[in-house]
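Coordinates in review
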Amino acid sequence: MSNATSLSNQSPNIVAIGGGHGLGRILSALSNYGENVTGIVTTTDNGGSTGRIRACQGGIAWGDMRNCINQLITEPSVGSMIFEYRFRGNGELDGHNLGNLMLKALDNLSIRPLEAINLICDMLKVKTNIVPMSEHPADLSAMTPAGEIICGETSVDELEDVPQRLYVESAVPATKEAVVAINNADIILLGPGSFLTSVMPALLLKEIEQALKSSSANVVFITNLDKEKGPAGRMSLAQMLHWCERAMGGRQVDCVLTDQPNELLDAKYKQYVEDLASNNHEWRHDREKLQQAIERIIMAR
């Protein structure tokens, strides 16, 4: 019996929080755990295809959820090919991902955005739970060191300096399924991915802050393999952990999963130093290596 199968039989409940490529990579690495894994996905993106859909149709951002679902598809089919299709050309459809449009269309036909996600996951035979951080539209805002308030994920990414604070506006409620998943979690994973615009937004919602603050789960921060562009690239690991802990109501991160030891990091953080890089792309986490590293952390609980 494999490690993954054995651990799955013990039913550890895993929650991963983030967005886009990083969260999709984590969820793909943990796909053997099926319904024991919940991905809580950031929904504040305002760029690219998803930003254009929001500008004309409103609603939450679908791009990060589509990305996570894409990385969880294990059985290629006509349905998966359609879901992943991106339009090219000179017209209004240029750059749009059909998966984003499908999710938005199903959202318009459903009572809740989560119903649209579940319909797509059923069609594509994805077992992992994909949950938006909120089912209400909101944007990421930041206060600059000069006290200026700027709005939108793309604007945050373009900042010259690390902002003083981040906000989700309006103050939307967290999805109830996200809160329940955190309450039932044995291990909670933060990252990897764009720290300010993928990892942080969900932590800024009051119900998620409260759930994380009272959680008895092991909270693990997973570092990127390469320095980010933009303001997050100017933050130290210690700063990132402080931001997470501040957003979790003072609840401490328990350990860090990283590819390089950080000698300056406070000894209260247990560091798991692992080779995590893909053989083809040094900046991309390898799924199998991630799975094995996370399983070692679970076994050490």
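Structural notes, computed from the coordinates. From a predicted model like this one, the values you see are computed outputs, not experimental measurements.

With that settled, consider the overall build of the protein. For the protein, the count of helices and strands is 13 helices and ten strands. Taking 301 residues into account, the globule formula puts the C-alpha radius of gyration at 19 Å, and the protein, at 18 Å, falls close to it. Seen along its three principal axes, the alpha-carbon backbone of the protein occupies a region of about 55 × 55 × 40 Å. Counting across all 301 residues of the protein, residues that qualify as buried make up 55%. Within the protein, contacts between residues at least 6 apart in sequence are counted, and of these 67% link residues at least 24 apart. For the protein, the exposed surface amounts to about 13,800 Å²; the carbon and sulfur share of it is 47%. Positive and negative side-chain charges in the protein, numbering 26 and 36 respectively, have mean positions lying 2 Å apart.

The subject of this paragraph is the packing of helix H2 (residues 20-29) against helix H13 (residues 287-299). Contact geometry of H2 with H13 gives a least axis separation of 8 Å together with a crossing angle of 70 degrees. The orientation of H2 relative to H13 falls into the category roughly perpendicular. When H2 is examined against H13, the residues Arg 25, Ile 26, Ser 28 and Ala 29 are found in contact with a partner set consisting of Arg 287, Leu 290, Gln 291 and Ile 294. Residues of the contact of H2 with H13, tallied by class, amount to four nonpolar, two polar and two charged.

What follows covers the pairing of strand S1 (residues 14-18). Note on strand geometry: in a regular strand, side chains alternate between the two faces of the sheet. Taken across its five residues, S1 has five buried, putting it largely inside the fold. Neither face of S1 is left uncovered, since the one carrying Ile 14, Ala 16 and Gly 18 and the one carrying Val 15 and Ile 17 both have all their residues buried. Pairing analysis gives five bridges linking S1 to strand S2 (residues 37-41), with the strands arranged parallel. Paired with Gly 18 across the strands is Val 41, a residue of S2. Handedness of the crossover joining S1 and S2 through H2: right-handed. As paired elements, S1 and strand S7 (residues 187-190) share four bridges and run parallel to each other. If you follow Ala 16 over to S7, its bridge partner there is Leu 189.

Attention shifts here to the side chain of Glu 245. Following the sequence through the fold, Glu 245 ends up in helix H12 (residues 237-247). Excluding anything up to four places from it in sequence, Glu 245 contacts Gly 250, Arg 251, Gln 252, Val 253 and Tyr 269.

Calculation criteria
Residues numbered from 1 in each chain as written. Predicted model: local features only at pLDDT ≥ 70, side-chain atom pairs only at ≥ 80, totals over all residues. Heavy atoms only, no water. Helix = DSSP H or I, 4+ residues; strand = E, 2+ residues; numbered from the N terminus. Rg over C-alpha atoms; globule rule 2.2 N^0.38 Å. Buried < 20%, exposed > 50% of the residue type's maximum accessible area, 1.4 Å probe, protein only. Contact = heavy atoms within 4.5 Å. Areas by Shrake-Rupley, 256 points an atom, 1.4 Å probe, with all protein chains shown as cover. Lys, Arg positive; Asp, Glu negative; His and termini not counted. Charge placed at Lys NZ, Arg CZ, Asp CG, Glu CD. Axes fitted to C-alpha atoms, helices over the stretch in contact; angles between N-to-C directions. Parallel < 35°, antiparallel > 145°, perpendicular 65-115°, else oblique. Nonpolar A, V, L, I, M, F, W, Y, C, P; charged D, E, K, R; others polar. Pairing = 2+ DSSP bridges. Right-handed = clockwise from strand over helix to strand, strands pointing away.

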